[in-house]
Amino acid sequence: MARLDTDPRILRYRRATRQMQGGDFSVDIPVESGDEVGELGQELQRLARMLERRFHEFQTLAAVTEEINAGLVLDEVLDRVFDSFRPIIPYHRIGCALLEQNDTLVRARWAKSDAAELRIGKGFSAPMKGSSLQRILDTAEPRILNDLEAYLREHPASLSTALIVQEGVRSSLTCPLIAMGKPVGFLFFSSLQRDTYRDAHVATFMQIAGQLSVIVEKSKLYQQLLVLNELKNKFLGIAAHDLRNPLAAVIGFTDLLVKTSLGPITEQQRLALGHIDRSAAIMLGLVNDLLDVSAIEAGKLTLHREPTELASYLRSCHESNALLAQGKNITLALEIHGELPPIDIDPARMSQVLGNLLANAIKYSFPGTTTRLRAAKVGDEVHIAVIDQGQGIPAADLPKLFQDFGKASVRPTAGEKSIGLGLAICRRIVEAHKGRIWCESEVGKGSAFTVAIPCR
Amino acid sequence: MQVTPEVLLVEDDEQLALLMQFVFEQDGYAVRRAATCAEARGLIAQLEPATLVSLDIVLPDGSGVDLILDIRAKPGWERVPIMMVTSKEKDEQTNWAVKAGARAYIVKPFKVEELRGTVAKLVKKKTA
């Protein structure tokens, strides 16, 4: 018998052990003479193979779990992970069914198969009452059926079994999906071969069952959220639309009075009418913003892009906003650097963006300062910037600037109104142009809002 | 022969209709009002061709755009100028209205001068 401390095999086994400790299981220990040390070597080799298998299984599970968690919609998640399960559970088909109507009905939600056509597809439903699935829910334990033809002979009334056997399925592993302690549905693994499933597959499934069940819940909530969001947009659109008619009457009648179409008015009455007109104008702006947001959210923002000569476009944009600036004793300067390339924009929508940025700059700046409208070609883009010498925006406010109702903590300098939708609308319009919008700012020095639009 | 020029005013908002009627009457038009598509169709069926139709796009029982086709189909009304009153510029509906035969549109809310100007242009074009 060889002495342990001099036997070269022991040295090799030690090396192999260290290799495995480092996460590499590809050790290869040759079969050697059948003494006890040789047997130890074979045991070590078997252990290495098992560890390797478990390690891959673990990696697959982690990947599947990650894929599941990244998804929001059940069908998409299942589509994505259909192939990922293969290394850990054998199957030719996976189906998913969810409980409905207070758990009295089970309805097929999703199925995918390598084999022939699906006999039980999306929408197939069966009552839970009298179904053998009930037992799976009651015990929360997966069920293995390794001979479905035999099962069908014993349960000839089971329509779902009859259909699945027609698809060619011979064995199945049915797993309950339980989210937050409540059964929500089933996942069916099916194989075209008889006698496919073992208890080890059940154990493997149980490791991802939790995540899958949570996805079912997440998916339901997500669908509800989509419906609610659509409802919100519809509501916003209708509300804003219905506000325009009374506003039109207010603005129109005020106008009639101011123009003295209804008889002479006193100076005091004229002032009062001015207040009514300005308030109505503010309300109109608000209504327009709400209409814009709801239309954009509903995917109804259609750009009417046309080739635009930027320099003259910007000059007219500057002209139409200069008066607003003058009213607050702010200088509005136009700076065009170099040649600007021709560009395709929706002029009305882009004017809305620039008008909004300029109005903001004026709103948040003090009299006596200068606001610049600056344009230049930068790489493959045209950058149009509105740069003010206003109060600046605290760094903490910058990330929420372009979100809906994302008002910053700074206040307009003359009590002007803001509801915080303007920049969110700007962002959407710019993005619809495949462009970008961002803000750089320093408190006490001013802000620069830049719109970058790709050249043609 | 028509002595007083007449406007068929189709608008479902009572206050706005009153405002527009007031402006039209100040400018010497007789005004016939309809608040729904059905009322408008009724008036078109029984009236002599109007000088102008002012048409709201969103009506309680349908779209003003559909009414354009009815107006154009009625003998004598084929060339009556139609002005759409819309809530939104460059709206899909407005585009359709222009394709269907509306000659002009104004966007709510409008200033009185805008309404007067648009109407004057349309009517002048027609009589010219």
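Everything quoted here is computed from the prediction, not taken from an experiment. (Residues numbered from 1 in each chain as written. Chains lettered and ligands numbered in written order. Predicted model: local features only at pLDDT ≥ 70, side-chain atom pairs only at ≥ 80, totals over all residues. Heavy atoms only, no water.)

Draft legend 1. Expanded view of the pattern of salt bridges. All names here are of chain A. For the structure on display, the rule yields 28 salt bridges over all chains. We note a salt bridge from R9 to D35, for which the minimum N-O separation is 2.7 Å. Of this pair, R9 sits in helix α1 (residues 8-21) while D35 sits in the loop between α1 and α2 (36-70); the two residues are 26 residues apart in sequence, bridging distant segments of the chain. The partner of R436 in a salt bridge is E381, with the nearest N and O atoms 2.6 Å apart. Here the residue R436 occupies a position in strand β12 (residues 436-442), and E381 occupies one in strand β11 (residues 381-387), the gap between them amounting to 55 residues. Residues joined in a network through salt bridges with shared partners are D147, E149, R170 and R194. (Salt bridge = Lys/Arg side-chain N within 4 Å of Asp/Glu carboxyl O. Helix = DSSP H or I, 4+ residues; strand = E, 2+ residues; numbered from the N terminus.)

Draft legend 2. A look at the nonpolar core. All names here are of chain A. If you look at the biggest cluster of nonpolar residues, it comprises 49 residues, and the most contacted ones within it are L310, L314, V353, L357, I384 and F449. Excluding residues within four positions of it along the chain, L314 makes contact with L334, L340, L354, L373, A375 and I384. Counting 30 residues, the second largest nonpolar core, distinct from the first, contains I88, I89, L98 and I208. (Core = buried A, V, L, I, M, F, W, Y, C linked by side-chain atoms within 4.5 Å. Buried < 20%, exposed > 50% of the residue type's maximum accessible area, 1.4 Å probe, protein only. Contact = heavy atoms within 4.5 Å.)

Draft legend 3. Looking closely at helix α8 (residues 267-297) of chain A. All names here are of chain A. With 31 residues, α8 should reach 45 Å at 1.5 Å per residue; the first-to-last C-alpha distance of 45 Å fits that figure. Listed in full, the buried residues belonging to α8 are L273, G274, A280, L284, V287, D289, L290, L291, D292, V293, S294 and I296. Contacts from the buried residues of α8 go to α7 (199-258), α10 (347-363) and α11 (422-432). Backbone geometry just downstream of α8 places G299 in the positive-phi region, at approximately 75°. (Expected span 1.5 Å × (residues − 1).)

Draft legend 4. A look at the interface of chain A and chain B. Tallying the contact residues gives 20 residues for chain A and 23 residues for chain B. Each partner contributes to the roughly 1,800 Å² buried at the junction of chain A and chain B, and carbon and sulfur atoms together form 61% of this total. Our count for the chain A to chain B interface comes out at one salt bridge. Between D277 of chain A and K111 of chain B there is a salt bridge, with its nearest N and O atoms 3.4 Å apart. Where chain A touches chain B, the interface holds five residue pairs in polar contact (both at pLDDT 80 or more). Listed by contribution, the elements that provide at least two residues to the side of chain A that touches chain B are α7 and α8 of chain A. (Buried area = accessible area lost by both parts, 1.4 Å probe. Polar contact = N/O pair within 3.5 Å; in protein donor to acceptor, adjacent residues only side chain to side chain.)

Draft legend 5. Just the side chain of E11 of chain B, in detail. Of note, E11 of chain B is situated in the loop between β1 (6-10) and α1 (14-26). In this structure the side chain of E11 of chain B is engaged in a polar contact, spanning 2.9 Å, whose partner is the backbone nitrogen of D13 of chain B. Leaving out residues up to four positions away in the same chain, E11 of chain B has contacts with N245 of chain A together with L16, A17, A34, A35, D56, V85 and K108 of chain B.

Draft legend 6. Structural detail: the sheet that holds strand β7 (residues 104-107) of chain B. Residues and elements named next belong to chain B. The parallel open sheet is built from five strands, whose spatial order is β2-β1-β3-β6-β7. Since the sheet does not close on itself, it has two edges, and those belong to β2 (30-34) and β7, each with one partner. On average, each strand axis in the sheet is inclined to that of its neighbour by 20°, with strand direction left out of account. By the bridge criterion, five bridges tie β1 to β2 in an arrangement that is parallel. Opposite V7, over in β2, you have V31 as the bridge partner. Of the strands in this sheet, β1, β2, β3 (52-56) and β6 (82-86) are in contact with α1, which crosses β2 at around 165°. (Pairing = 2+ DSSP bridges. Axes fitted to C-alpha atoms, helices over the stretch in contact; angles between N-to-C directions.)

Draft legend 7. Fine view of the pairing of strand β6 (residues 182-191) of chain A. Residues and elements named next belong to chain A. β6 sits mainly inside the fold: seven of its 10 residues count as buried. Where strand β1 (residues 93-100) lies against β6, six bridges are found, and the strand directions are antiparallel. Pairing of A97 across the sheet is with F186, part of β6. Pairing analysis gives nine bridges linking strand β5 (residues 171-179) to β6, with the strands arranged antiparallel. When the sheet's bridge partners are listed, P176 is paired in β6 with F186. Here β5 folds back onto β6, and the loop between the two strands holds two residues, one of which, M180, carries a positive phi near 50°.

Draft legend 8. Layout of the environment of L148 of chain A. Residue and element names in this part refer to chain A. Within the secondary structure layout, L148 lies in helix α5 (residues 148-154). Expressed as a C-alpha distance, the spacing of L148 and S172, which sit 24 residues apart in the sequence, is 7.5 Å. Discounting chain neighbours no more than four positions away, the residues touching L148 are T161, I164, V165, V169, R170, S171 and S172.

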